[in-house]
Amino acid sequence: MYTPTKIERFNQNVLSKYHIYNSVFITLPFDAIDNTGVLLPLFTEICENGFKSNKSPKEIFDLFADKFLDDASEKDKIDLMFRFIQYIERQVVLFDAIEDAAFPVVNNMEGKGSLRDIKETAEASDNQDVLRDFLSEFNVRPVLTAHPTQFYPGAVLGIITDLTEAVRKNDLLKIKQLLSQLGKTPFIKKEKPTPYDEAVSLIWYLENVFYKTAGDMVGYLQKNFFDGKSMQHPLISFGFWPGGDRDGNPFVTTDITVQVASRLRTIVLKCYYIEIRELKRKLTFYNVNTLVAEIEQKLYKSVFYSKGEIYITLEEFKTQLKAIRDIVINEHHSLYLDDLDALINKVNLFGFYFASLDIRQNSKIHGKVFPLLLSYLKAKSTTAFPDNYFDLDESDKIKIIGKVNAKLNPEDCTEEIAKSTLESMYAMQTIQERNGEYGSNRYVISNNETALHVLETYAMLRLTGCENLSVDIVPLFESVDDLQQAFQIMEQLYTTDYYMEHLKRRGSKQTVMVGFSDGTKDGGYLMANWSIYKAKETITEISRKYGIKVVFFDGRGGPPARGGGKTHKFYASLGPNIESEEIQITVQGQTISSNFGTLDSCRYNLENLLSAGVANHVFNKGENLLSDNDKSILDELAQKGYDKYMTFKAHPKFIPYLERMSTLNYYGKANIGSRPSKRNSGEALVFSDLRAIPFVGAWSQMKQNVPGFFGVGTALKHFEENNRWDEIQNLYDNSLFFRTLLENSMMSLAKSFFPLTAYMKDDKEFGAFWEIIFNESQEAKRLLLKIAGHQSLMQNYPDGKASIEMREQIVMPLLTIQQYALLKIRELNQSANPDETLVADYEKIVTRSLFGNINASRNSA
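This write-up is about the structure you can find in this document. Small disclaimer: the values here were computed from a predicted structure and weren't measured.

This part is about the overall build of the protein. Counting its regular elements, the protein contains 33 helices and nine strands. Computed over C-alpha atoms, the radius of gyration of the protein comes to 28 Å, within 12% of the 29 Å expected from 2.2 N^0.38 for 861 residues, which places it in the range of a compact globule. For the protein, the spread of C-alpha atoms along the three principal axes comes to 75 × 70 × 60 Å. For the protein, with 861 residues in total, the buried portion stands at 59%. Considering only intrachain contacts with a sequence separation of at least 6, the fraction spanning at least 24 residues in the protein is 81%. When the accessible area of the protein is evaluated, it comes to approximately 34200 Å², of which 49% is carbon and sulfur surface. Each charge class in the protein can be summarised by its mean position, and for the 99 positive and 111 negative side chains these summaries are 2 Å apart.

Now the structure itself:
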């Protein structure tokens, strides 16, 4: 029987259904917007034809108003724009739900990259023993972060879940009800969420998606690779940043950190309670039923009657489950053993902590805190540090830190910045006492530039009185310069005796974090990605030299510009010179809901990450090794791209363009995250203080996506002009790393749409700057298509391309409105007496328009 292709399955199960259900949606009667559903398709058509005719957003909307709005006042037009935005937001939700419902049909859940594929490939190549040994040490660790790119409030997320299920069942009546509910449900958050609110939102995914998916995956591996024996090594674990990430977020307090850890423990105990209740109905046998009932009662009290205390320890829980298992096997013919093992697997995975709460702070904050702490020690007549400590050279400071044997309490600190920093370190001890060591055992230092940044953090942790630290100190290298010197910093740490003693107590393992987002913002797409690759190679080499197993933790965002895109292909391409026995990766904002939001998509993407590690270490071992010539070519490409990007970034119109022509200044008004959009509180925008998310997001809203392609065209053209095209063509054909790097850049270009802002080329101040961006995009597109041998971008991912095209079509009217509003704001502000009320109305339109576009793009910021 003929099996439809992936694009055929997508067209049938996603596109066709969307058109059907959207036709139902636009005819539903909503209060005061009965004609909106009729006008929106007409406006969409005018937008499409208008951009083809090189019209500006203002000309397009004015044409629509002249044609379909009789004598409409400015207020009438503004009201209609808001209604259009509301409709488009809900169309995006509808498309999301339909695509989620079709996920297991469109994607081959048992195909390449699946656990089944791993099993069959291992059997075919007689690699079962090698694979079993590898899986006994390998770990995949997604770390959930609350960066502000998730716009759906909780009520809307609930509707998406129900709508996905209704679409899957083709329940038209239920779909109509949910679409009606969607039309009347607010999308706007009137107040910014607190860090605790963000944590609660993300814990929902742990409870409802990751808990079951991770448990099922381990169960499959246990049955098929480990002969049914329990896996002692946690193959999958989860990290968590909301409530612990203090870098640039003044709203993360110690109380919130402890509350989030408590919430994580309560919710995982609740999951166990629900599962033990289900087992209680099955394990009704003699000698078993009483043990199950006892566990159920203790878990119930711990979840519903506890004020911070629990009535069963993790060891007691595991011991009783083992006792039950032995009785079921020996006395009851292993009846319901699979169900019992499923719970045991989850207890081994999640303990009483669910996800490890990382603490993060910026080295610049530590730079202010450390002198204060020394002054407090001096006030207590403690001689841990000499008075001239800050006058000493680095080597002498490092020696002194190793001798620190003192204790400070937060109450000793008079400055809030010092008190809160010390409190966060004490909080880690509190969480470990309650949730176990894995509850919070990593301290991440952002903007780490020296070995002293790590060692002074070590000293501060020692000041909490913890003799043998159960904490891993994780330096985060972000800028191009920091990445290039990272291996020297790590060698300095490895040659520091007391730090090596600390690492030995931690299993001779060192976690190093690398930041894709700030690297791209700092040095451009090619240089950032290549610098990270080289940093991983040099850090791996120096770590192996000193007998340390380095673990790389990748700070990736959703879009290719921030390390996203086809992420699993990067991990499959690393080769033997980069340590990769663990894959640790941040998952942010709407990427959580789009890649891990349902049981199907979560399983598919987790299995792909797992498969990437297996492919790199077991099936393709020794492959994907870049030659010295390959590296030389990549060095040259990265340098050419870097030079082009740095010239662009140094352009006098770079910051003014972002401030005055983009939506950059509107991110902070959207109430989508607790974190400020820049690190400093001053009025003037300083590029170094600008966060990567609003930076990348601003380009995305303009459909220019500069961080994902700028410099790529120039770099490739250098080889074309110098008759060296064969060199990069050969590299593209034979290097999975380079091919993935360029494919992700193609994705960025596929999500760009320059006709939207083509009117800017006539702007007296910014016209020439827009031309620079446009010309680079055209060169990148031409040469990327040439090297791939394609006629169109993403030609080899037809379903992904079709999804992007449909989403872009849905939001085209919204983006047109956004640009129209920005034009009106500039026009009004340039008048002699600006109408402040009108300016405020158009500013609200711009802010509101952010929501639908981010959600439609799924990985745009």
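With that settled, the discussion passes to helix α5 (residues 115–124). Inspection of α5 places L115, I118, K119 and A122 among the buried residues, and these make up the whole buried set. For α5, the arc enclosing every buried residue in end-on projection is 100 degrees, short of the 170-degree limit, so these residues lie on one face. Buried residues in α5 make contact with α6 (128–135), α9 (195–225) and α24 (599–619).

Glancing now at the environment of K282. Looking at the element boundaries, K282 is found in the loop between α10 (254–280) and α11 (289–304). Residue classification places K282 among the partly exposed residues on the basis of a relative accessible area of 30%. Here the alpha-carbon distance between K282 and K307, two residues 25 residues apart in the chain, equals 31 Å. Excluding anything up to four places from it in sequence, K282 contacts Y336 and D339.

A word on the environment of A261. Position of A261 among the secondary structure elements: in helix α10. Spatially, the C-alpha atoms of A261 and S356 are 8.5 Å apart, while their sequence positions differ by 95 residues. Residues in contact with A261, not counting those within four places in the same chain, are L357, I431 and N435.

A rise of 1.5 Å per residue sets the reference length of helix α12 (residues 314–331), with its 18 residues, at 26 Å; its end C-alpha atoms lie 26 Å apart and thus fit the reference within 8%. Within the sequence span of α12, burial applies to F317, Q320, L321, I324, I327 and V328. The buried residues of α12 occupy one face: seen down the axis, they fall within an arc of 125 degrees. Exposed side of α12, more than 90 degrees from the buried face: E315, T319, K322 and N330 are the residues found there. Of the surrounding secondary structure, the elements contacted by the buried residues of α12 are α10, α11 and α13 (337–350).

Relative to each other, helix α28 (residues 712–721) and helix α31 (residues 767–788) sit at 55 degrees, their axes nearing to 7 Å. Relative to α31, the element α28 lies oblique. Crossing of α28 against α31: the hand is left-handed. Contact residues: α28 offers V712, G713, T714, L716, K717 and E720, while α31 offers E776, E779, A780, R782, L783, L784 and K786. Looking at side-chain class alone, the contact of α28 with α31 contains five nonpolar, two polar and six charged residues.

On to the pattern of salt bridges. For the structure on display, the rule yields 57 salt bridges. Across the salt bridge formed by K280 and E296, the nearest N and O atoms sit 2.8 Å from each other. Of this pair, K280 sits in helix α10 while E296 sits in helix α11; the two residues are 16 residues apart in sequence, bridging distant segments of the chain.

Let us look at unusual backbone geometry. One non-glycine residue with positive phi stands out, namely H333, at about 55 degrees. One can find H333 in the loop between α12 and α13. Its identity as a non-glycine residue notwithstanding, N705 has a phi of 45 degrees, on the positive side. Its place among the elements puts N705 in the loop between α27 (692–701) and α28. Take N705: its relative accessible area is 12%, and that puts it in the buried class.

The subject of this paragraph is the nonpolar core. F240, Y272 and W699 are the most contacted members of the largest nonpolar core, which has 199 residues in total. A per-element tally of this core places α9 first, with 13 residues. What Y272 contacts, discounting residues up to four positions off in sequence, is Y211, L299, F317, L343, K346, V347, F350, G351 and F352. Among the nonpolar cores identified, the runner-up in size contains 71 residues, and Y21, L28, V93 and L822 belong to it.

Running from N to C, helix α30 (residues 736–750) and α31 point in directions that differ by 135 degrees, and their axes come no closer than 10 Å. As summarised for this structure, α30 and α31 are arranged oblique, according to the angle between their axes. For the element pair α30 and α31, the recorded crossing hand is left-handed. Across the interface between the two elements, F738, L742, S745, M746 and L749 from α30 touch S777, A780, K781, L784, I787 and A788 from α31. Here the residues of the contact of α30 with α31 sort into eight nonpolar, two polar and one charged.

Within the open sheet, the nine strands sit side by side as β3-β2-β1-β9-β8-β7-β6-β5-β4. Their pairing is parallel. The outermost strands of the open sheet, each flanked by one partner alone, are β3 (356–357) and β4 (359–362). Contacts from helix α14 (residues 363–379) reach β4 and β5 (442–446), with the element oriented near 80 degrees to β4. Along the sheet, helix α16 (residues 416–435) contacts β3, β4 and β5; its crossing angle with β5, the most-contacted strand, is approximately 155 degrees.

A few words on the state of the cysteines. Applying the stated criterion across every chain, the model contains zero disulfides. Between C271, a cysteine without a disulfide, and C602, which holds the nearest cysteine sulfur, the sulfur-to-sulfur distance is 13 Å.

Here the focus is the pairing of strand β7 (residues 509–515). Most of β7 is tucked away: six of the seven residues are buried. Across seven bridges, β7 lies against strand β8 (residues 549–555) in parallel orientation. Residue K509 lies in a different strand from β8, and its bridge partner there is K549.

Take a nonpolar patch on the surface next. A surface patch of nonpolar side chains, amounting to about 340 Å² of accessible area, comprises Y300, F304 and Y305. When its relative accessible area of 32% is taken as the criterion, Y300 is described as partly exposed.

What follows concerns the packing of aromatic side chains. Applying the stated criterion to the full structure yields 55 aromatic pairs. Centre to centre, the rings of Y273 and F304 are 5.7 Å apart; their planes meet at 80 degrees, and the pair counts as edge-to-face. You can see Y273 sitting in helix α10 and its partner F304 sitting in helix α11, a full 31 residues away along the chain. Taking relative accessible area as the criterion, Y273 reaches 9% and is therefore assigned buried. Classification of F304 by relative accessible area gives partly exposed; the value is 45%. A network of ring pairs unites the aromatic residues F210, Y211, F238, Y272, F317, F350, F352, F354 and F596 as a single cluster. The residue whose ring lies beneath K653 is F766, and the NZ or CZ to ring-centre distance is 5.9 Å. The side chain of K786 reaches across the aromatic face of W725, ending 4.3 Å from its centre.

The rules behind the values
- Residues numbered from 1 in each chain as written.
- Predicted model: local features only at pLDDT ≥ 70, side-chain atom pairs only at ≥ 80, totals over all residues.
- Heavy atoms only, no water.
- Helix = DSSP H or I, 4+ residues; strand = E, 2+ residues; numbered from the N terminus.
- Rg over C-alpha atoms; globule rule 2.2 N^0.38 Å.
- Buried < 20%, exposed > 50% of the residue type's maximum accessible area, 1.4 Å probe, protein only.
- Contact = heavy atoms within 4.5 Å.
- Areas by Shrake-Rupley, 256 points an atom, 1.4 Å probe, with all protein chains shown as cover.
- Lys, Arg positive; Asp, Glu negative; His and termini not counted.
- Charge placed at Lys NZ, Arg CZ, Asp CG, Glu CD.
- Arc of directions from axis to C-beta.
- Expected span 1.5 Å × (residues − 1).
- Axes fitted to C-alpha atoms, helices over the stretch in contact; angles between N-to-C directions.
- Parallel < 35°, antiparallel > 145°, perpendicular 65-115°, else oblique.
- Left-handed = near helix turned anticlockwise from the far one by under 90°.
- Nonpolar A, V, L, I, M, F, W, Y, C, P; charged D, E, K, R; others polar.
- Salt bridge = Lys/Arg side-chain N within 4 Å of Asp/Glu carboxyl O.
- Core = buried A, V, L, I, M, F, W, Y, C linked by side-chain atoms within 4.5 Å.
- Pairing = 2+ DSSP bridges.
- Disulfide = S-S within 2.5 Å.
- Patch = residues over 30% accessible without salt bridge, like charges linked within 9 Å, V, L, I, M, F, W, Y side chains within 5 Å.
- Phe/Tyr/Trp six-rings, centres within 6.5 Å; stacked < 30°, edge-to-face > 60°.
- Lys NZ or Arg CZ within 6 Å of the ring centre and 35° of its normal.

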